[in-house]
Structure formats: C-alpha cells, structure tokens
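Here is what each chain is made of, one letter per residue.
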Amino acid sequence: MFYQKKEKLKNKNKIFKFISSHKEFNKQSIAEALDFSFPTVTKFIDEFLKLEIINEIGFIEGKSGRKSLTYRFNPNNLLSVGIKVEVNRINLILINLNGQEIKKSEIYNNFFNDVNFVNFIVTELKKFLYNFSDYKKIRGIGISLPGIVNDITKQFEIGTNFQLFSKDMKFIEDEMQLPVYLINEANAGVFAEYILSNYIHDNLAYISIDTGVGAGIIINGKLYQGSHSQAGEIGHISVIPNGKKCSCGNFGCLERYCSNTSLVESFKNEFKLESLKLYEIFSLKLHETEQGKEILNTYISYLGSAIRTFQLIFDLNKIIVGGEICYFTDEFNFKERLKAEVFNNIFCKDDTILEFSRHGDLSNLFGAALLPFKEFL
Ligand SMILES: [Zn+2]
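As a starting point, this report considers the structure included with it. (Residues numbered from 1 in each chain as written. Predicted model: local features only at pLDDT ≥ 70, side-chain atom pairs only at ≥ 80, totals over all residues. Heavy atoms only, no water.)

## Some words on the overall build of the protein
- The number of helices and strands found in the protein is twelve helices and 15 strands.
- Since a compact globule built from 377 residues should have a radius of gyration of about 21 Å, the 23 Å found for the protein is in line with a globular shape.
- Projecting the C-alpha coordinates of the protein onto the three principal axes gives extents of approximately 75 × 50 × 40 Å.
- A buried classification covers 52% of the 377 residues belonging to the protein.
- Sequence separation of at least 24 residues holds for 60% of the intrachain contacts in the protein that already meet a minimum separation of 6.
- For the protein, the computed accessible surface area is about 18200 Å², with 50% contributed by carbon and sulfur atoms. (Helix = DSSP H or I, 4+ residues; strand = E, 2+ residues; numbered from the N terminus. Rg over C-alpha atoms; globule rule 2.2 N^0.38 Å. Buried < 20%, exposed > 50% of the residue type's maximum accessible area, 1.4 Å probe, protein only. Contact = heavy atoms within 4.5 Å. Areas by Shrake-Rupley, 256 points an atom, 1.4 Å probe, with all protein chains shown as cover.)

In structure tokens:
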C-alpha cells in the first residue's frame, strides 16, 4: 500500500515536471515522453484540471498532424507563502507554482526569546496578505527556522543562537486557516537550490552562512536529515581544539569563527567599534586594511577546512554556499580563495563543484515557500 502510494506520488511529480516545463501539451505528448499509459495520464490531468493549474485551450494540431485537445500550464492558480525567520529579521514571500515571486517583504525586530513571536508572525502575515483577493489560491505557509524543527508537532525544538518561548507554530495554522510547514533553514536552502536548478545535482549540499552556519544535504535526490533531524550541523564541527566556547556546549566550533555574527564580532573587536553591520566591513573598506585581511584569511581557512571535511565525507557533485556574504564575494576574491582551500588534495580536485548561491541569502525563503507545493515537486 505504502509502495503504491509512493509510486503514485512519483508519477504525479513526473507529470508535473513535464507540464511545468512544457507549458502547452496534450495527453499523447505526456504519455509518449514519460512512457505512461493513457489512463494514468488522464487521471492526473483530471486532478490538475480540478485544481485549475492547467486549462483546456482547444483542439490544436500536434506533432502527429492530428488535432488533439491541448492544455496550458497555469502556475498562477496555486500560490504559497514562505517565511524566513532570523534572530532579528523576518522575510515574507508570496510565490506561484513556478517559484516566481509575486510579493516580498522584510521586517526587522528582535525575536530572541520573544514570548509574542507567533502573534507577531500572524500580525505580519495578515498585513502582508491584507486585501489580497486570491487568498483562496494559497496552498499553505512554509516557515524556515534557524534550528531543529519538528514538522509533525509543528514545534521549534532547538536553536543554539536563537531561542523562542512560543515554539508552537500550530497557532499560526489556526489563525491563518492554512496549513503550516516547518523546515530548518539549511534544509530549506538545499530544497530550493535543488528544485530551482531543475533537479540536476542529486548529491547536493547547501551551506548556509547566517547567524549560525549549517548545511542542508540532498543524497541521491532525497533530503538527508539523519536520525534526529540534525544532519549537516557543520557549524558545530570543531575547527580549533579548545577554542572559543560555543552555545552548543563544545569548544572551537566553526560558527564561533565563520558565522556572520562571529565575522562582524572579529572586526568590531579589532577596530574597537561599538556597532557594525556585515555590509559595513566592505563599505568602510575595513577588509582592505592589514588587520582586515588577516581576519578574512582566517575566516576563509576555517570555512574551507570545514567544507573540505564535509566533501570528504559525502563526495557531493555540487556544494552551494549561501548567505549575505555572497553579495560581497568580489570584494575579497572569496570564490577563488575558498575553492583553493577546499580543493587542495587528491580526493577533492574538481573545483567547479563549489558555487555561490544566485539567491544570496534568500534560498531558504524560497525553500520555505516551495514546501506547501511538495506534493507536486
Ligand atoms: Zn557549537
């Protein structure tokens, strides 16, 4: 039974991929391309017609020269909301079935241990969707959170840099009358990168550099989360034995040196600054000073060593680095220098494996928004 259900879902995914990439099609073209029986194709076409994600556009001559009933993909008839939660910021996005952005918003606030967190999210969601006439087209809400989440109980379980009193996201579901899906931020990132690059790289990791550092992993085309949903917590690999104390309990963890927070902290300490934002390291040209260069050398060497270890374990065919730092790669030749650090041994040679995300620090936002469409993707 379970097997049958899984097979059915696989067929649905295949047909969805075909129709979303071909835009106009008939049943014959799907059956031939995917080697499916006519009744199988008909069953899913009926389901998609009911959801109005495809429309009949009339009898049009196909390749065979015969006229047949032709359909058109209509990605705007199912929509989804994504939320990315960070320690001091939330991003909201509304996308269509193609993953295209319809609307986006960004709000700054300090959420650390905020009792009113879920209330805040609901208020912002209501503002974001105020007067939105197509509310009924929204399939659900996906939320990317910086920590370990439980999507069954809708709870935010563990965050090392981020704690919440109000961990229960079920409240959002009840208030918005829409299903809510939770995902860890690095997993959201890898999910988006995998789908938005048309499933090309089936052994893929997304390294998220944000307030913390984490990795989302796809192995053989499937999200790998481990036995306790903690796979990919590379931010807590020790890079310096007996180094700085980490909130996880360990010492010398990667994220104590390479998260955005830690990088900014190093510059603040070195230049005796009261406050500093990541972008100001570059706008104030601190990265061009001797001390700044030294800090960035250390940063690249620790990050590179952790990614190298990761690659030696998983032997991936693509590693994508994402986060705000992606916007400044040209400022300090980050790409080439990180590649040189990672691919320095006989096992790690092909440096085209490493890339920086095209979505900057927003892959996880797209990943969250794609979650309610999981049944199609
Ligand atoms: Zn740690």
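Next comes the rest of the account.
## Observations regarding the sheet that holds strand E1 (residues 24-26)
- Across the sheet, which stays open at both edges, the three strands sit in the order E1-E3-E2 with antiparallel pairing between neighbours. The open sheet terminates on both sides in strands that have one partner only, identified here as E1 and strand E2 (54-61). On average, adjacent strands in this sheet sit at an angle of 35° to one another, irrespective of strand direction.
- Here E2 runs beside strand E3 (residues 67-73); their pairing, made up of seven bridges, is antiparallel. Paired with Ile-60 across the strands is Ser-68, a residue of E3.
- Along the sheet, helix H2 (residues 27-34) contacts E1 and E3; its crossing angle with E1, the most-contacted strand, is approximately 85°. (Pairing = 2+ DSSP bridges. Axes fitted to C-alpha atoms, helices over the stretch in contact; angles between N-to-C directions.)

## Quick notes on the sheet that holds strand E13 (residues 222-224)
- Taken in spatial order, the five strands of this open sheet run E13-E12-E11-E14-E15, and their pairing is mixed. Each edge of the sheet is formed by a strand with only one pairing partner; in this case those strands are E13 and strand E15 (354-356). Each neighbouring strand pair of the sheet contributes to a mean axis angle of 25°, computed without reference to strand direction.
- With three bridges connecting them, strand E12 (residues 213-219) and E13 associate as antiparallel partners. By the bridge assignment, Ile-217 is partnered in E13 with Tyr-224.

## Describing the packing of H2 against helix H3 (residues 38-50)
- Put simply, H2 and H3 touch, their axes get as near as 9 Å, and they point 120° apart. Looking at the two axes, H2 sits oblique to H3. At the point where H2 passes H3, the crossing takes the right-handed sense. Of H3, the residues touching H2 (which contributes Lys-27, Gln-28, Ile-30 and Ala-31) are Phe-38, Val-41, Thr-42 and Ile-45.
- Along the lines of polarity and charge, the residues of the contact of H2 with H3 split into five nonpolar, two polar and one charged. (Parallel < 35°, antiparallel > 145°, perpendicular 65-115°, else oblique. Left-handed = near helix turned anticlockwise from the far one by under 90°. Nonpolar A, V, L, I, M, F, W, Y, C, P; charged D, E, K, R; others polar.)

## Re the coordination of the zinc ion
- Bound to the zinc ion are the protein donor atoms His-236 (ND1), Cys-246 (SG), Cys-248 (SG) and Cys-253 (SG), situated 2.0 to 2.4 Å from the metal.
- Between consecutive donors of the zinc ion, the numbers of intervening residues give the motif H-x9-C-x1-C-x4-C. A residue pair is termed long-range when its members are at least 10 positions apart, and His-236 in the loop between E13 and helix H7 (255-258) and Cys-248 in the loop between E13 and H7 qualify at twelve residues.
- Look at His-236 and you get buried, because its relative accessible area is 17%.
- A residue is classified by how much of its surface remains accessible, and Cys-248, at 37% relative accessible area, is partly exposed. (Donors = N, O, S within 2.8 Å, 3.2 Å for Na, K, Ca; no water.)

## Considerations on the layout of surface pockets
- A volume near 1200 Å³ is recorded for the largest pocket.
- Lining the largest pocket are 36 residues, with Phe-191, Lys-222, Leu-223, Lys-374 and Leu-377 positioned closest to its centre.
- Where the lining of the largest pocket is concerned, the elements lending two or more residues are helix H1 (2-22), strand E8 (148-150), strand E10 (180-184), helix H6 (185-196) and E13.
- Take the lining of the largest pocket: its biggest share by element is ten residues, from H1.
- Considered class by class, the residues forming the lining of the largest pocket number 15 nonpolar, nine polar and twelve charged. (1 Å grid on protein atoms, 1.4 Å probe; cavity = no way out; pocket = protein on both sides within 12 Å on 5 of 7 lines; lining within 4 Å. Points joined across faces, edges and corners; volume = space filled by probe spheres on them.)

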